[in-house]
Amino acid sequence: MKRAIMLRFVVILLLALAVSGAFSYYFIGRNMLQHDMSAMLNTIHAVDYALDYSGNLQEQVEKLQAEAMDASSRITVIASDGTVAADSEVDRVDSMENHLEREEVREAFETGTGRDTRSSESIGESMLYVAARSSNGSYVVRMAVPYTNLLDYMISIFPVLLLGTCIAFAVSVILAIRFADTITTPLNEISEEMGKVHGAQTDFSFKQYKYKELNVISETTMKMAAEIQEHMDQLEKEKKIRQEFFSNASHELKTPITSVRGYAELLDQGFIQDDATKKDFYARILKETDNMTNLINDILMISRLEAKEAEVTFSTVRIGPLLTEIFESAEPIAADYQVMLHKECSPVSIEASAKQLRELIMNLVSNGIKYNHPGGNVWVEAWSENGKLYIRVKDDGCGISKEEQERIFERFYRVDKGRSKKMGGTGLGLSIVKHIVEYYSGSIRLESEPGKGSCFTVELPFKKRI
Ligand code: ADP
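This write-up is about the structure you can find in this document. (Residues numbered from 1 in each chain as written. Predicted model: local features only at pLDDT ≥ 70, side-chain atom pairs only at ≥ 80, totals over all residues. Heavy atoms only, no water.)

All chains considered together, the criterion is met by 16 salt bridges. Arg106 is the partner of Glu110 in a salt bridge, and the nearest nitrogen-oxygen pair spans 3.4 Å. Within this pair, Glu110 and its partner Arg106 are both found in helix α3 (residues 103-111), separated by 4 residues, close to a single helical turn. For Glu110, a relative accessible area of 56% translates into the label exposed. Classification of Arg106 as partly exposed rests on a relative accessible area of 29%. Across the pair Asp280 and Arg284 runs a salt bridge, and its minimum N-O distance is 3.0 Å. Taken together, the positions of Asp280 and Arg284, both in helix α6 (residues 275-306) and 4 residues apart, correspond to about one turn of that helix. On the basis of relative accessible area, Arg284 is assigned to the partly exposed category, the value being 38%. Connected via shared salt-bridge partners are Glu104, Asp116, Arg118 and Arg142. (Salt bridge = Lys/Arg side-chain N within 4 Å of Asp/Glu carboxyl O. Helix = DSSP H or I, 4+ residues; strand = E, 2+ residues; numbered from the N terminus. Buried < 20%, exposed > 50% of the residue type's maximum accessible area, 1.4 Å probe, protein only.)

Shown next, in the form of structure tokens:
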């Protein structure tokens, strides 16, 4: 990556240097030409000032050129009719052509100054001509220096420009290497750190860098790693719960199956002659199969709720009639346990699955009956408040201690296992209640005191958010 950055940088740098070099080359060259021309004009004015136009011009011009000027420069004096009056490079000026049509001469007579570049017919070299009208207006004094084109100037400045370009290139390359390092070093460190990942190991230690984009990479990586870790922990937890559930369910089924098998064997071997005992054994077999049916039904219910089954049928459920229906089915058991049922319900309805609501209330009501004493009571209340449906099931039964309150919603958790089993309890009832409440994004609260009774309050939002 560093090589790629450097390579691109060098290409861009060379391009930039080439373009800027070409421009500065051209402008410096042009400036030098202009500077030379104005210097030539100054010399012309000095020559004009020094010349005595009534004397021997040829002599004066030769003398001036020899004493005060560069050997390569040439001075010519041209009269207003175009005849050459004097020339520092030509001895016999009368043989020279009329100069009136020379560009710089014509311009000088017309505007005061003139210039041109061309090959000299008299000395056969390419020259730069600069001319100016004499102060008396009758002559044009012209100066010429060898010149081919702008390149003459460019060549003279080429070494300086080349040196400047080389220094700029070297400094830029050093800076570019440093700049590339500030990007590639953090990226290397980040990728090295990311390469340390082994399975769920996600304890990265990233540095803080001066570019915030690089910090975003490390922060996002850490965030993603934390989320993956959390997800994996959750999966692990769910796997453990499922394993526990299966082992508990098999264990729960094993006991009734063993009892049923025991009774059936005894009956089969014909050891039991007494009709009353036989009847009792049949009744026990029926009770155990009922227990198994309850357990299997509860397990199926839980697995359906966990899978958030799509085919839950929703309808407008009127709580009043639903309570009446639940009380009708609970009445025989309540009578058995000598528990009184009471209900108080405002006319309220909710968009929900009637089956799930029945299951929820029935579980709470039957617990209120089962964990009670003869002469006890179960009160059921339902009302709506702040956009929520409230269902409260209260009893004056045995109550639940603070430590147990935390655990009774766990699957297969029973405070008094013997009592629960005797009453056909599966240990799954409150777990089902909790699942249904969560399915409706609601909540359940328990207040209880041992010996005084328990009160379960369910809160369900009317607008269901699954
Ligand atoms: P179970 O099938 O055993 O009733 P639940 O999940 O419904 O299973 O209840 C779990 C345990 O919580 C019960 O075994 C019981 O010990 C306790 N419990 C539930 N409801 C009450 C209540 N109203 N009063 C006292 N204890 C209760």
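This is not the end of the story, as more comes after the structure.
Here the focus is the site of the ligand. Tyr371, Ser420, Thr426, Gly427 and Leu430 are the nearest of the 21 residues found near the ligand. In the model, an oxygen atom of the ligand is placed 3.1 Å from a nitrogen or oxygen of the Val415 main chain. Bound to the protein, the ligand loses 98% of the 530 Å² it would expose on its own. The set of elements that each furnish at least two residues to the shell around the ligand consists of α8 (354-370), α11 (429-439) and β12 (453-461). (Near = heavy atom within 4 Å. Polar contact = N/O pair within 3.5 Å; in protein donor to acceptor, adjacent residues only side chain to side chain. Areas by Shrake-Rupley, 256 points an atom, 1.4 Å probe, with all protein chains shown as cover.)

What follows deals with the sheet that holds strand β2 (residues 84-87). Ordered by their spatial adjacency, 5 strands build an open sheet running β2-β1-β5-β4-β3, and the pairing between neighbours is antiparallel. Of all strands in the sheet, those bounded by a partner on one side alone are β2 and β3 (113-119). When strand polarity is set aside, the average angle formed by the axes of neighbouring strands in this sheet is 20°. (Pairing = 2+ DSSP bridges. Axes fitted to C-alpha atoms, helices over the stretch in contact; angles between N-to-C directions.)

This part covers a nonpolar patch on the surface. Judged by side-chain polarity, Val19, Phe23, Tyr26 and Phe27 come together as a nonpolar surface patch covering roughly 400 Å² of accessible area. For Phe27, the position within the fold is in helix α1 (residues 2-50). Given the relative accessible area of 41%, Phe27 is considered partly exposed. (Patch = residues over 30% accessible without salt bridge, like charges linked within 9 Å, V, L, I, M, F, W, Y side chains within 5 Å.)

This part takes up the sheet that holds strand β9 (residues 377-385). Each strand in a sheet pairs with another by means of backbone hydrogen bonds, the pair being arranged parallel or else antiparallel. Pairing is mixed across the open sheet formed by 5 strands, whose spatial order is β7-β9-β10-β12-β11. Each end of this open sheet is capped by a strand with a single partner; those strands are β7 (340-345) and β11 (443-449). Sheet twist, expressed as the average angle between the axes of neighbouring strands with direction ignored, equals 10°. Bridging between β7 and β9 involves 6 bridges; their strand directions are parallel. Following the sheet pairing, Met340 is matched in β9 by Asn377.

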